[in-house]
Amino acid sequence: MSVLVLMEPGDPSRQTLTLARKFGEPLHAVHVDAVEPFAPDALAAILQRVADELNASAVLAAGTERGNEVMARLAARSGLPFAANCVAVSPGPPATLTRLRWGGSLLEEARLHSPRPLITVAPHTVSIEAGAAPIDVEVKHLVDGLDERDLMVRVSDHVAPSNGGVSLTTARVIVSGGRGVGSKEGFAIIEELAGLLGAAVGCSRAVTSAGWRPHSDQVGQTGTKVAPEIYIACGISGATQHMAGLKGAKRILAINSDPQAPLMLNADYTVAGDLKEIVPAISAEIRKGR
Amino acid sequence: MTLRVAACIKRVPITGGRIVLTEDARAIDTRHLGFTMSPHEECGVEEAVRIIEAGGGDSVVLALGPAEVVEQLRDAMALGIDRAIHLQTDGQEWDGEATAAALTDALRADEAAAGRFDIIFFGNESADSGGFQVGARVAYALGRPCVTGLKRVLIEGSSVRCEQEVEGGRDVYIVPLPAVLTVKEGLNLPRYPSVPGKMRARNKAVAVTTPIRPAARLELVSLAVPAGQGRRAESLGSGAAAAPAVVELLRKAGVL
């Protein structure tokens, strides 16, 4: 039984192959750049045709923005159910699977009742295993024959990021503030420490909702997911919404006046007390060492 | 140009710091929790209100869920949405496929009575089940273009310019209206409902339908709270006196 996989550059697609093999071999691949510029309906149309021609037992993609988007469209046009962000599967039928809810704060065991399971694999939850590489499917004739309607949604331009600061996604250090910072002006001490460390400034959802910081600074389930060497959380309680963004952080240092705050219990290191005293003291200590 | 705009929302619990499950492990124990609309969808509601404020027209909010969903529908109307459609259920979980089918029926019925929606907003994914599919399914059923994951929406005559956040910037799509747009938090900063807004919302119309739940093809069996990541908090002390220990940690981590 052959299995079809939508491939993108990067590890999440290679991780996807691990679960794809559970549905059979050989694996066949359609690449996300088969249609340039990106056109999600066109890719879904191609996947549908190829899956039918191969009589594929399942179609998988990485649970990236692109992967989830294309698979949702494939599900819609195929009239099939779709399970996003899975971390484990067993082929069935019915296929049984474990998938992420609440940005990874909950795991769901589910059954997928479908003649052709459509599945995305949550990035960085499955290890890459050695195995035969997927066979690239020749799709040029399908691209040439695409229906105009499937090209209506298509990238027509790209806008470069506007901010000149350190990017949250790639930062090695993040100094982040929560409701405990108290005000927009209160972030001056956070910015000062971040400046000394060459760090990005982050914040919690409470802070953006209050209008103290732009949403582009928000770390969490509905903000940015981060993976720094160290994440310094100042006055952040640690709601599941926020913790969902921290799963990739190597070390977490929590500074909080409430020792029972969830983030204080889920950190690697803690300092208890008033961040308005502690953060400037850390900055002063760094300056002293220079 | 006056427009008709719809926003579809979902009621979700405010989970706080630790998720507790019901005894049968099939749901979150919400006895001590408040509820809200899913964050991405709140931005869809705000955007719908802004579009109607700017150009005039008619706005509708839709939600599928139990009787209590009317709280979130009233919240949306307090922000400025004109009226609501409640697809009332008995509280059982509906999968994305079934939710999309019921919303499609409700949207079609409203369009037959009051005219086509120029834009239908969805959240990119719900906060709780995170299915990433309801908007795309409704768009396909209605035969309309769908653009997902939007951080900026700009109506330009009879089309809409959409900006989708991707690594290294934003991709731009321009699609004709009518369209289905799925949005993300950060699209705008939703306003707080005003007291007069809340008062007006009490008297706005909520139409109720009762769709029949099909058997789920993505069937929830049970939920589990994942094991911790093995972090064991080590105290570096308290107050300003802990600063040298923090600097030592930063040196050890190789970031100083």
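Residues numbered from 1 in each chain as written. Chains lettered and ligands numbered in written order. Predicted model: local features only at pLDDT ≥ 70, side-chain atom pairs only at ≥ 80, totals over all residues.

A closer look at the overall build of chain A
- The number of helices and strands found in chain A is nine helices and 14 strands.
- Within chain A, contacts between residues at least 6 apart in sequence are counted, and of these 64% link residues at least 24 apart. (Helix = DSSP H or I, 4+ residues; strand = E, 2+ residues; numbered from the N terminus. Contact = placed C-beta atoms within 7 Å.)

Some thoughts on the overall build of chain B
- Helices and strands together make up the secondary structure of chain B, namely six helices and 13 strands.
- On the principal axes, the C-alpha backbone points of chain B span a range of 70 × 45 × 40 Å.
- Expressed as a percentage of the 256 residues in chain B, the buried residues total 46%.
- Across chain B, every contact between residues at least 6 apart in sequence was considered, and the portion connecting residues at least 24 apart equals 70%. (Buried ≥ 20, exposed ≤ 12 C-beta atoms within 10 Å, placed from the backbone.)

Some words on the domain arrangement of chain A
Residue and element names in this part refer to chain A.
- Each assigned domain of chain A is listed here: domain 1 (3–151) and domain 2 (173–288).
- Averaged C-alpha coordinates put domain 1 and domain 2 at centres separated by 36 Å.
- The partner domain 2 presents five residues to the four residues of domain 1 that form the contact.
- Here the residues of the side of domain 1 that touches domain 2 sort into one nonpolar, three polar and no charged. (Domains from an automatic or database assignment. Nonpolar A, V, L, I, M, F, W, Y, C, P; charged D, E, K, R; others polar.)

Some points on the interface of chain A and chain B
- Listed as interface residues are 73 residues of chain A and, on the opposing side, 68 residues of chain B.
- A total of eight residues in the side of chain A that touches chain B trace back to one element, the largest contributor, which is helix 3 (residues 65–78) of chain A.
- Taken together, the residues of the side of chain A that touches chain B sort by class into 37 nonpolar, 20 polar and 16 charged.
- Relative to strand 13 (residues 234–238) of chain B, strand 14 (residues 269–272) of chain A runs parallel, the two sharing three bridges. Bridge assignment links Thr270 of chain A to a residue of strand 13 of chain B, and that residue is Ser235 of chain B. (Pairing = 2+ DSSP bridges.)

Here's the deal with the sheet that holds strand 11 (residues 200–203) of chain A
- Spatial ordering of the open sheet is given by 11(A)-10(A)-12(A)-13(A)-14(A)-13(B), a layout of six strands whose pairing is parallel. Every other strand in the sheet has two partners, leaving strand 11 of chain A together with strand 13 of chain B as the edge strands with one partner each. With direction set aside, neighbouring strand axes in the sheet form an average angle of 20°.
- Examined bridge by bridge, strand 13 (residues 251–256) of chain A and strand 14 of chain A share four bridges and lie parallel to one another. Paired with Ile255 of chain A across the strands is Val271 of chain A, a residue of strand 14 of chain A.
- With respect to the sheet, helix 5 (residues 188–197) of chain A is in contact with strand 10 (173–177), strand 11 and strand 12 (230–234) of chain A, its orientation differing from that of strand 10 of chain A by roughly 180°. (Axes fitted to C-alpha atoms, helices over the stretch in contact; angles between N-to-C directions.)

Details of the confidence of the model for chain B
- Across chain B, pLDDT averages 95, with 98% of residues at or above 70.
- At the level of chain-chain contacts, confidence expressed as ipTM amounts to 0.94, with global pTM at 0.94. (pLDDT = per-residue confidence, 0-100.)

What to know about the environment of Gln88 of chain B
Residue and element names in this part refer to chain B.
- Residue placement: Gln88 occurs in strand 5 (residues 83–88).
- Along the chain, Gln88 and Val70 lie 18 residues apart, while their C-alpha atoms are 9.3 Å from each other.
- In this structure, Gln88 is in contact with Ala67, Val208 and Thr210, ignoring residues within four places of it in sequence.

Looking at the sheet that holds strand 6 (residues 106–112) of chain A
- As summarised here, the arrangement of the nine strands in space is 8(A)-2(A)-1(A)-3(A)-7(A)-4(A)-5(A)-6(A)-12(B), forming an open sheet in which the pairing is mixed. For this open sheet the edge positions go to strand 8 (135–136) of chain A together with strand 12 (218–224) of chain B, each flanked by a neighbour on one side alone.
- Where strand 5 (residues 95–101) of chain A and strand 6 of chain A come together, seven bridges link them in antiparallel fashion. The residue bridging Thr98 of chain A from the neighbouring strand is Glu109 of chain A, located in strand 6 of chain A.
- Helix-sheet contacts for helix 1 (residues 11–20) of chain A involve strand 1 (3–7), strand 2 (27–31), strand 3 (59–62), strand 4 (82–90) and strand 7 (118–121) of chain A, and the interaxial angle to strand 3 of chain A is about 150°.

Comments concerning the packing of helix 2 (residues 70–78) of chain B against helix 5 (residues 195–202) of chain B
All names here are of chain B.
- For the pair helix 2 and helix 5, interaxial distance at closest approach is 8 Å and the crossing angle is 125°. Between helix 2 and helix 5, the angle falls in the class oblique. Every pair of crossing elements has a handedness; the one defined by helix 2 and helix 5 is right-handed. When helix 2 is examined against helix 5, the residues Arg74, Met77 and Ala78 are found in contact with a partner set consisting of Gly197, Lys198 and Ala201.
- Residue classes in the contact of helix 2 with helix 5 are distributed as three nonpolar, one polar and two charged. (Parallel < 35°, antiparallel > 145°, perpendicular 65-115°, else oblique. Left-handed = near helix turned anticlockwise from the far one by under 90°.)

Describing the packing of helix 3 of chain A against helix 4 (residues 134–142) of chain B
- One can describe the packing of helix 3 of chain A onto helix 4 of chain B by two numbers: an axis separation of 8 Å at closest approach and a directional angle of 40°. When the axis of helix 3 of chain A is compared with that of helix 4 of chain B, the two are oblique. The hand of the helix 3 of chain A/helix 4 of chain B crossing is right-handed. Two secondary-structure elements touch here, helix 3 of chain A through Ala72, Arg73, Ala76 and Arg77 of chain A and helix 4 of chain B through Ala136, Arg137 and Tyr140 of chain B.

Some points on the nonpolar core
- Core analysis: the largest hydrophobic core is formed by 114 residues, its most contacted members being Leu47 of chain A together with Val61, Ala76 and Leu103 of chain B.
- It is helix 2 (residues 40–54) of chain A that contributes the most residues to this core, eight residues altogether.
- Residues contacting Val61 of chain B, with those up to four places away along its chain left out, are Ala7, Ile9, Val45, Leu73, Ala76, Met77, Ile81 and Ala84 of chain B.
- In terms of nonpolar packing, the next biggest core, distinct from the first, is built from 56 residues, Cys203, Ala206 and Met243 of chain A together with Leu249 of chain B among them. (Core = buried A, V, L, I, M, F, W, Y, C linked by C-beta atoms within 7 Å.)

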